[in-house]
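The lines below spell out each chain.
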Amino acid sequence: MRFYHVLSIRNSSLLHINNIGCSDNPSNNRFGPGKRDIWLIHYVTKGKGYFNENPVVAGQGFLINRGQLEKYYPDTQAPWEFLWVTSDDDRMKMLFEKYPIDPKTQIFNYNHISVIKNAMAYIKTHHQTILTDEEILE
C-alpha cells in the first residue's frame, strides 16, 4: 500500500492541522535524521519501529517538536503501520504539553487503537480530500 492523507485549508481561528495521513508501507514510514519546521504526532497501530533509536510498538506513539532532530524507521521483521498528524500552528505546543509522554524519549502510550483505525479508514476512503479546519478537527 502507499500512503493516504487528507489535507486542510486554513479558514478559521481553530487549531490548524496541515494533514492527517496513514501508511503501512515500510518505505514511506521512515524519516531522517533531519529536522522539519512542523509539529508531528505519530500513532502506531500495528507492528513496531524505532524513534530516535527507542523502540515503539502498537499502542504507543511519539511526538516530534518543531525543529527537533528526528529519525524514525520500521522494524524489519514486524514493520509498523501508523497514523500521523502534522501542523505548522504553534498552538500545537500547548497540546504537546498535555500529552503524558516520557520526557526523555517523547514516546507515549494510548488505548484507543480502534479510534485511530477508524480515522485511517476514513483517510483511505477520502484520500487527498481538502477539508476545512473544523472538518479535520472533527
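Residues numbered from 1 in each chain as written. Predicted model: local features only at pLDDT ≥ 70, side-chain atom pairs only at ≥ 80, totals over all residues. Heavy atoms only, no water.

**Student:** I keep staring at the confidence of the model for the protein chain and nothing clicks. Help me out?
**Tutor:** The predicted coordinates should not be examined in detail at positions where pLDDT is low. The predicted model of the protein chain has a mean per-residue pLDDT of 85, with 87% of residues at 70 or higher. When pLDDT is averaged over each element of the protein chain, strand β6 (residues 54–57) comes out on top at 98 and strand β1 (residues 4–9) at the bottom at 50. (pLDDT = per-residue confidence, 0-100. Helix = DSSP H or I, 4+ residues; strand = E, 2+ residues; numbered from the N terminus.)

**Student:** How should the environment of G47 be read in this particular structure?
**Tutor:** When you line up the elements, G47 lands in the loop between β4 (39–46) and β5 (48–51). Among the residues examined, G47 registers a relative accessible area of 24% and is labelled partly exposed. Considering only alpha carbons, one finds G47 and V57, 10 residues apart in sequence, at a separation of 6.1 Å. Once residues within four sequence positions are removed from consideration, G47 is found in contact with V56, V57, A58, A78, P79 and W80. (Buried < 20%, exposed > 50% of the residue type's maximum accessible area, 1.4 Å probe, protein only. Contact = heavy atoms within 4.5 Å.)

**Student:** Before we go on, may I ask you to explain the sheet that holds β5 in this structure?
**Tutor:** Backbone hydrogen bonds are what pair the strands of a sheet, in a parallel or an antiparallel way. Ordered in space as β3-β8-β5-β6, the four strands form an open sheet in which the pairing is antiparallel. Whereas interior strands pair on both sides, the edge strands pair on one side only; in this sheet they are β3 (31–34) and β6. Within this sheet the neighbouring strands show an average axis-to-axis angle of 25°, counted without direction. Alignment of β5 against β6, held across four bridges, turns out to be antiparallel. Within the sheet, the bridge partner assigned to Y50 lies in β6 and is P55. (Pairing = 2+ DSSP bridges. Axes fitted to C-alpha atoms, helices over the stretch in contact; angles between N-to-C directions.)

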